[in-house]
Amino acid sequence: MSHVAAIPGRLLDLALPARCPGCGREGPPICAGCAPALDARLELPGGVPIGLPSDVPAPLLQLEWCAPFGGLVRRALHELKYSGETRLAVPLGEAVARRWRRVGAGGDVLVPVPVHADRARRRGYDQAELIARAAGRALGLPCAPILERTRATIAQFDLDRSTRATNVRGAFALRDRADRPDRAPRNPLAGRWIVLVDDVVTTGATLSACAEPLLVAGAIGVSAITVARER
Ligand SMILES: [Zn+2]
């Protein structure tokens, strides 16, 4: 391992040109030659393709994603999350917007899946929120980071499928609690169709756990879209 890679929390100098995670070329965060990988599923019909074992996990109405978790997409998400290359959120969010528009799915508000506040503080940003903001700008929809993690969870990739659901159940809540009516005179979620946004989905357990408090708070439905799907 190089010494540079061993420095924790090292941030890239954002005054320097971005380097495409696909080919290493300097210029836009993802170069024109590599960008089509973001749209690997763009022309597929919406919904879970026939032949896949998993249905849309309850209580989600829809689950969409832009591309498989591999190659350029995997490296771009890794650099956004761990190398401070926040400029990648724009092309990733725009890919989310293209897929969401392509399946004609609608929605009123984009809500990013939050990382734990401690982790976001250490990193200085929340990658799903950056992706959701870019997607919201492209779609003309508001982005509202209204969820928080109420407890730390074990990284999902360390767990098997059934443990994943238990790990995240009840781990999310609304930031502005209903027990503070002085701060929220009107329920802003009532009658709204929420679209959750995250970087990667595997089983959908995290997205399902995020949907619960939104529905309890009066949302009429919760859909979800991620940049990538990992199997
Ligand atoms: Zn490239």
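Residues numbered from 1 in each chain as written. Predicted model: local features only at pLDDT ≥ 70, side-chain atom pairs only at ≥ 80, totals over all residues. Heavy atoms only, no water.

A word on the coordination of the zinc ion
Alright, step 1. Within the protein, C20 (SG), C23 (SG), C31 (SG) and C34 (SG) serve as the donor atoms for the zinc ion, at 2.3 to 2.4 Å.
Alright, step 2. Coordination at the zinc ion is tetrahedral: its four donor atoms span angles of 102 to 115 degrees at the metal.
Alright, step 3. Sequence spacing among the residues donating to the zinc ion works out to C-x2-C-x7-C-x2-C. Remark: C34 occurs in the loop between strand 2 (26–27) and strand 3 (63–68) and C23 occurs in the loop between strand 1 (18–19) and strand 2; sequence separation between them is eleven residues.
Alright, step 4. On the basis of relative accessibility, which here comes to 18%, the residue C34 falls in the buried class. (Donors = N, O, S within 2.8 Å, 3.2 Å for Na, K, Ca; no water. Tetrahedral: all angles 85-135°; square planar, octahedral: opposite > 155°, others 65-115°. Helix = DSSP H or I, 4+ residues; strand = E, 2+ residues; numbered from the N terminus. Buried < 20%, exposed > 50% of the residue type's maximum accessible area, 1.4 Å probe, protein only.)

Some remarks on helix 2 (residues 71–82)
Alright, step 1. Between its first and last C-alpha, helix 2 extends 16 Å over twelve residues, near the 16 Å set by a 1.5 Å rise per residue.
Alright, step 2. Positive phi appears at G84, one or two residues downstream of helix 2, with a value of about 75 degrees. (Expected span 1.5 Å × (residues − 1).)

Quick word on the packing of aromatic side chains
Alright, step 1. Considering all chains together, one arrives at zero aromatic pairs under this definition.
Alright, step 2. Sitting above the plane of the W65 ring, R41 keeps its charged end 3.8 Å from the centroid.
Alright, step 3. Note that R229 overlies the ring of W65, its terminal NZ or CZ placed 4.7 Å from the centroid. (Phe/Tyr/Trp six-rings, centres within 6.5 Å; stacked < 30°, edge-to-face > 60°. Lys NZ or Arg CZ within 6 Å of the ring centre and 35° of its normal.)

Describing the side chain of D199
Alright, step 1. Take D199: it is sitting in strand 7 (residues 193–201).
Alright, step 2. One polar contact links D199 to Q127, side chain to side chain, over a distance of 3.2 Å.
Alright, step 3. Not counting residues within four places of it along the chain, the set of residues in contact with D199 comprises L77, K81, Q127, I131, T226, V227 and A228. (Polar contact = N/O pair within 3.5 Å; in protein donor to acceptor, adjacent residues only side chain to side chain. Contact = heavy atoms within 4.5 Å.)

Concerning the pattern of salt bridges
Alright, step 1. In this structure the tally under the stated criterion is seven salt bridges.
Alright, step 2. As a salt-bridge pair, K81 and D199 come within 3.8 Å of each other at their nearest N and O atoms. Of this pair, K81 sits in helix 2 while D199 sits in strand 7, and the two are 118 residues apart along the sequence.
Alright, step 3. Owing to a relative accessible area of 6%, D199 belongs among the buried residues under this scheme.
Alright, step 4. Close ionic contact of R133 with E129 constitutes a salt bridge, the shortest N to O distance being 3.1 Å. Of this pair, R133 and E129 both sit in helix 5 (residues 127–139), four residues apart, which is roughly one turn of that helix. (Salt bridge = Lys/Arg side-chain N within 4 Å of Asp/Glu carboxyl O.)

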